[in-house]
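Residues per chain are reported as follows:
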Amino acid sequence: MSSPVVPTVPDIVVAAERRAAEHSFVCSCAAPTGPLLATLAAAVRPGGRVLELGTGVGVGTAWIVSGLEGREDVEVVTIERDDALADVVRNAKDPDLPVTVLTGDVEAVLPGLGTFDLVFADAEGGKWSGLDLTIAALAPGGVLLVDDMDLARYSAPEHRAAVTRVRETLLTHPSLVSVELATGTGHILSSRRPR
Ligand SMILES: C[S@@+](CC[C@H](N)C(=O)[O-])C[C@H]1O[C@@H](n2cnc3c(N)ncnc32)[C@H](O)[C@@H]1O
């Protein structure tokens, strides 16, 4: 009998997880978010664009890059408000992460960036607040993955209210088709209708 296939973790992700340990950063995306990101990135159209909201130390970024497998026609942009974290990813040399790291608050930076074919919303900005900006940044046919949507993770009433608001907006938005996934920390996956 053949042994079961064990999914491998790409080297670029291993390096990012090492950075997380070195910097005691504990908020990186957890399985299965990373492989889901890689899967979605692999489907981005030629010449497409990918956006991550909340870079951390680049674990999610690395999963996105792994899904692109060296495709230079796809632009990857990630936004992080913490200067030090943004620099960690910008200066990553193990190997380089071929991405543009923008420093600033998502809600300030996002309006000038145009539209994207895949958006990973993993920061409070652009999710708990400014979700309208994130939806507006989705190209027609674009896909949005929103992380940390499991309400059971939150006890503070204001956090529960924010997550509930995000869920309601995504599930009822006329331009979106959305599905809740009981995976990892809870995801909502949305596609923007072509028109
Ligand atoms: C959950 S961590 C991101 C993890 C990363 N996406 C990954 O998958 O490894 C959230 C990050 O978003 C950043 N952040 C939170 N609110 C933000 C905002 N309004 N604008 C920009 N970055 C923000 C935090 O500093 C933190 O690094």
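See the structure shown above.
Residues numbered from 1 in each chain as written. Predicted model: local features only at pLDDT ≥ 70, side-chain atom pairs only at ≥ 80, totals over all residues. Heavy atoms only, no water.

Student: Please explain helix α1 (residues 11–22) as it appears in this structure.
Tutor: Residues lying three or four places apart along an α-helix face the same way, a consequence of the helix completing one turn every 3.6 residues. Helix length check: α1, at 12 residues, gives a terminal C-alpha distance of 16 Å against a target of 16 Å (1.5 Å per residue), a fit within 8%. Residues of α1 that are buried: Ile-12, Val-13, Ala-15, Ala-16, Arg-19 and Ala-20. When α1 is viewed along its axis, its buried side chains cluster within an angular range of 155° and face the same direction. The exposed set on the far side of α1, more than 90 degrees from its buried face, consists of Asp-11, Ala-21 and Glu-22. Here the buried face of α1 lies against α3 (59–68) and α4 (83–90). Looking at the residues trailing α1, positive phi occurs at Ser-24, about 50°. (Helix = DSSP H or I, 4+ residues; strand = E, 2+ residues; numbered from the N terminus. Expected span 1.5 Å × (residues − 1). Buried < 20%, exposed > 50% of the residue type's maximum accessible area, 1.4 Å probe, protein only. Arc of directions from axis to C-beta. Contact = heavy atoms within 4.5 Å.)

Student: Got a minute to help me understand the packing of helix α2 (residues 33–42) against α3 in this structure?
Tutor: The packing of two helices is summarised by the inter-axis angle and the distance between the axes. Running from N to C, α2 and α3 cross one another at 40°; their axes reach a closest spacing of 7 Å. In terms of axis orientation, α2 runs oblique to α3. In this structure, α2 meets α3 at a crossing whose hand is right-handed. Contacts between α2 and α3 involve Gly-34, Pro-35, Leu-37, Ala-38, Ala-41 and Ala-42 from the first element and Gly-60, Trp-63, Ile-64, Ser-66, Gly-67 and Leu-68 from the second. Residue composition of the contact of α2 with α3, grouped by class: 8 nonpolar, 4 polar and no charged. (Axes fitted to C-alpha atoms, helices over the stretch in contact; angles between N-to-C directions. Parallel < 35°, antiparallel > 145°, perpendicular 65-115°, else oblique. Left-handed = near helix turned anticlockwise from the far one by under 90°. Nonpolar A, V, L, I, M, F, W, Y, C, P; charged D, E, K, R; others polar.)

In short, the description is geometric, and any link to function would need to be established separately.
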